[in-house]
Amino acid sequence: MTWKRKLFAAAAGALLAPVLVVVLPAATASAHGYVSDPPSRQANCKAGKVPNCGQIVYEPQSVEGPKGLRSCNAGLAQFAELTDESKPWPAKSVGTSVTFNWVFTARHATKSYEYYIGNTLIKSFDGNGQQPPATVQHTVSLAGYSGRVKVLAIWNISDTANAFYSCVDLQIGGGGGTTPPPTTTTPPPTTTRPPTTTPTTPPSSGTWAAGTAYKAGDVVTYSGASYRCLQPHTAIAGWEPPNTPALWQRQ
Amino acid sequence: MRVLLAVVALLLTGCGATAAPPAYNAADVMFLQMLIPQNQQGIEVVRLARDRQLPPALKELAAAIESTQLTEVDDMKRWLRDWAQPETMDMNPQAHAGHGGMKMTSPDLVGTLKTAPDAEFARKFLDVLTGQQQGAVELAQTETGTGGGVNAQARDLARRVIESRSAEVKQLLNFKA
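Read on for a plain summary of the structure. (Residues numbered from 1 in each chain as written. Chains lettered and ligands numbered in written order. Predicted model: local features only at pLDDT ≥ 70, side-chain atom pairs only at ≥ 80, totals over all residues. Heavy atoms only, no water.)

**Quick look at the overall build of chain B**
- Check the secondary structure of chain B and you find 6 helices and 0 strands.
- By residue count, 56% of the 177 residues in chain B fall in the buried class.
- Counting only contacts in chain B whose residues sit at least 6 apart along the sequence, the fraction spanning at least 24 positions is 77%.
- A total of about 7,400 Å² of accessible surface is found on chain B, and carbon and sulfur atoms cover 56% of it. (Helix = DSSP H or I, 4+ residues; strand = E, 2+ residues; numbered from the N terminus. Buried < 20%, exposed > 50% of the residue type's maximum accessible area, 1.4 Å probe, protein only. Contact = heavy atoms within 4.5 Å. Areas by Shrake-Rupley, 256 points an atom, 1.4 Å probe, with all protein chains shown as cover.)

Structure representation (structure tokens):
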């Protein structure tokens, strides 16, 4: 490289550098995931089944820490709620064979998946350093365990030092088991329903409100204007009538 | 090359004598260019719900996601046209590894769902869509975060994406498969 070219490259670098900071705003770890079913603690928090979960409701996929941890929160202070055994964590009733389902926001190269109860490795699955397939399910035998148990599911990433952690509370075999529940309250087994099946009374008029199930033809007011519903849906934040002309027609 | 164009555009505005803030910056452009394919993939996924046995409430949610994201795609394409910016960017996922990779579902994912037997479809559909919509939140957070976009419309879209996708994920996690 000639001196002139070097100078040009340096100048270009100096010019580009501050801009690149803008172009690449968040060079954060991108591989993210958690166990969706049986619902992990972060899934239950995100689903609104457990109150006062803190920051985890915004990013259930981000319980990331160095490999080798045995904690529900990957040692992250902002997710300390996940380790709070006094919370009323629902425990799904299962048999001794359990299929764990994962949700990913990015599927990055995987070293392995591990399932622990306490410090006992129950089962591991090799990721072969490959990108996970479209959906990941693992069937794990929990034979020998009964009653309430807490499974720690770990997704070990192959190209970083990190892993993602999901604690999954289970009630094995339904009956009282050898493992006593850590909490005083035993949540009822699986009585939750999709919010959309328990609509509030559909108003033919009224103020638009998130959480309300609207049917085509319903009329609401929003910011002083009147809108007619074009397509049945349950209203959510971000779907305000002025922003969703496919759902709402201004009258 | 696209980045370079954006840089040039940014430098030009940045070198302007007036103190008026730019209407948009490179982060706005990249946000829209990334959210368009992300939304389109999401639309592909939710359309698969039409012909499958799913709870009516889940089909309703899927249809509403489709409608709202189609509107968003139209808006985003129009804004990029108004800004004289390309709608698409370099589609090599590796080109964007630096900011978390392309937050889009790989084609094999849609294919896997398409071919999934009915008995497995609901579970896979929920997991794929949950990840897909949460990925949009991550993408939108780069727009609203430090060093993010400056365009008011794009930032408001990012706000709506964060709110709506978060609420959708909450609903999805409440469905049983």
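Still to come is the rest of the account.
**Things to note about the overall build of chain A**
- Within chain A, the regular secondary structure consists of 2 helices and 14 strands.
- Buried residues in chain A amount to 44% of all 251 residues.

**Here's the deal with the nonpolar core**
- Counting residues in each nonpolar core, the largest one holds 36 residues, and the members touching the most others are Trp248(A) and Phe125(B).
- At the level of elements, β12 (225-229) of chain A together with α2 (26-47), α3 (56-82), α4 (107-115), α5 (118-144) and α6 (152-174) of chain B are the ones that each hand at least two residues to this core.
- Setting aside chain neighbours within four positions, we find Trp248(A) in contact with Trp208(A), Tyr214(A), Asp218(A), Val220(A), Tyr227(A), Arg228(A), Cys229(A), Leu230(A), His233(A), Trp239(A) and Pro241(A).
- Formed by 22 residues, the second largest nonpolar core is a distinct cluster that contains Val35(A), Phe100(A), Phe125(A) and Val140(A). (Core = buried A, V, L, I, M, F, W, Y, C linked by side-chain atoms within 4.5 Å.)

**Section: the state of the cysteines**
Residues and elements named next belong to chain A.
- Counting across every chain of the model gives 2 disulfides over all chains.
- The side chain of Cys-45 participates in a disulfide bridge whose partner is Cys-53; the two sulfur atoms lie 2.0 Å from each other. Looking along the S-S bond of the Cys-45-Cys-53 disulfide, the torsion reads about -70 degrees, which is the left-handed sense. By the burial criterion, Cys-45 is buried, and Cys-53 matches it.
- At a sulfur-sulfur separation of 2.0 Å, the disulfide partner of Cys-72 is Cys-167. On the sign convention where negative is left-handed, the bridge of Cys-72 and Cys-167, at about -80 degrees about the S-S bond, is left-handed. In this pair, Cys-72 is assigned in the loop between β2 (64-66) and β3 (92-94) and Cys-167 in strand β9 (residues 162-172), connecting sequence segments 95 residues apart.
- With relative accessibility at 2%, the residue Cys-167 sits in the buried group.
- By sequence-ordered numbering of the bonded cysteines, chain A has its disulfides arranged as 1-2, 3-4. (Disulfide = S-S within 2.5 Å.)

**Things to note about the sheet that holds strand β1 (residues 32-37) of chain A**
All names here are of chain A.
- Taken in spatial order, the 3 strands line up as β1-β4-β7 in an open sheet, and their pairing is antiparallel. Every other strand in the sheet has two partners, leaving β1 and β7 (136-141) as the edge strands with one partner each. Sheet twist, expressed as the mean angle between neighbouring strand axes with direction ignored, is 30 degrees.
- Looking at chain direction, β1 and strand β4 (residues 97-106) are connected through 5 bridges and run antiparallel. (Pairing = 2+ DSSP bridges. Axes fitted to C-alpha atoms, helices over the stretch in contact; angles between N-to-C directions.)

**Section: the side chain of Ser62(A)**
Residues and elements named next belong to chain A.
- Among the structural elements, Ser-62 can be located in the loop between α2 (41-46) and β2.
- A polar atom in the side chain of Ser-62 sits 2.9 Å from the side chain of Glu-59.
- Beyond its immediate chain neighbours, meaning those up to four positions away, Ser-62 contacts His-32, Leu-76, Phe-79 and Phe-164. (Polar contact = N/O pair within 3.5 Å; in protein donor to acceptor, adjacent residues only side chain to side chain.)

**Notes on the sheet that holds strand β11 (residues 219-222) of chain A**
Residues and elements named next belong to chain A.
- Judged by pairing direction, the sheet is antiparallel, and its 3 strands sit side by side in the order β11-β12-β14 without closing on themselves. For this open sheet the edge positions go to β11 and β14 (248-250), each flanked by a neighbour on one side alone. Recorded for the sheet is a direction-independent mean angle of 40 degrees between the axes of neighbouring strands.
- Judged from the 4 bridges that link them, β11 and β12 form a sheet pairing that is antiparallel. The partner of Tyr-222 across the bridge, within β12, is Ala-225.

**Notes on empty space enclosed by the protein**
- Applying the stated criterion across every chain, the model contains 2 cavities of 30 Å³ or more.
- Lining the largest cavity are Ser36(A), Asp37(A), Pro39(A), Lys49(A), Arg123(B), Leu172(B), Leu173(B), Phe175(B), Lys176(B) and Ala177(B).
- Secondary structure elements with two or more residues in the lining of the largest cavity: β1 of chain A together with α6 of chain B.
- Considered class by class, the residues forming the lining of the largest cavity number 5 nonpolar, 1 polar and 4 charged.
- Taken as a whole, the second largest cavity encloses approximately 40 Å³ of empty space.
- Contributing to the lining of the second largest cavity are Gly238(A), Trp239(A), Asn243(A), Thr244(A), Thr68(B), Thr71(B), Glu72(B) and Arg160(B).
- Sorting elements by how many residues they give to the lining of the second largest cavity places α3(B) first, with 3 residues.
- Among the residues forming the lining of the second largest cavity, the class breakdown is 1 nonpolar, 5 polar and 2 charged. (1 Å grid on protein atoms, 1.4 Å probe; cavity = no way out; pocket = protein on both sides within 12 Å on 5 of 7 lines; lining within 4 Å. Points joined across faces, edges and corners; volume = space filled by probe spheres on them. Nonpolar A, V, L, I, M, F, W, Y, C, P; charged D, E, K, R; others polar.)

**What about the side chain of Gln171(A)?**
All names here are of chain A.
- In this fold, Gln-171 is placed in strand β9.
- Among the residues examined, Gln-171 registers a relative accessible area of 13% and is labelled buried.
- Ignoring any residue separated from it by four or fewer positions in sequence, one finds Gln-171 in contact with Ala-91, Lys-92, Ser-93, Val-94, Gly-147 and Arg-148.

**Let's talk about the packing of aromatic side chains**
- Overall, the coordinates contain 11 aromatic pairs over all chains when judged by the stated rule.
- Residues Trp102(A) and Tyr113(A) carry aromatic rings whose centres are separated by 5.7 Å and whose planes lie at 55 degrees to one another, so their mutual orientation is tilted. Here Trp102(A) is found in strand β4, whereas its partner Tyr113(A) is found in strand β5 (residues 110-117), with 11 residues between them in sequence.
- By relative accessible area, which is 1% here, Trp102(A) ends up buried.
- Here the aromatic rings of Tyr24(B) and Trp83(B) are separated by 4.4 Å at their centres, their planes lie at 0 degrees, and the arrangement is stacked. Of this pair, Tyr24(B) sits in the loop between α1 (2-14) and α2 while Trp83(B) sits in the loop between α3 and α4, and the two are 59 residues apart along the sequence. (Phe/Tyr/Trp six-rings, centres within 6.5 Å; stacked < 30°, edge-to-face > 60°.)

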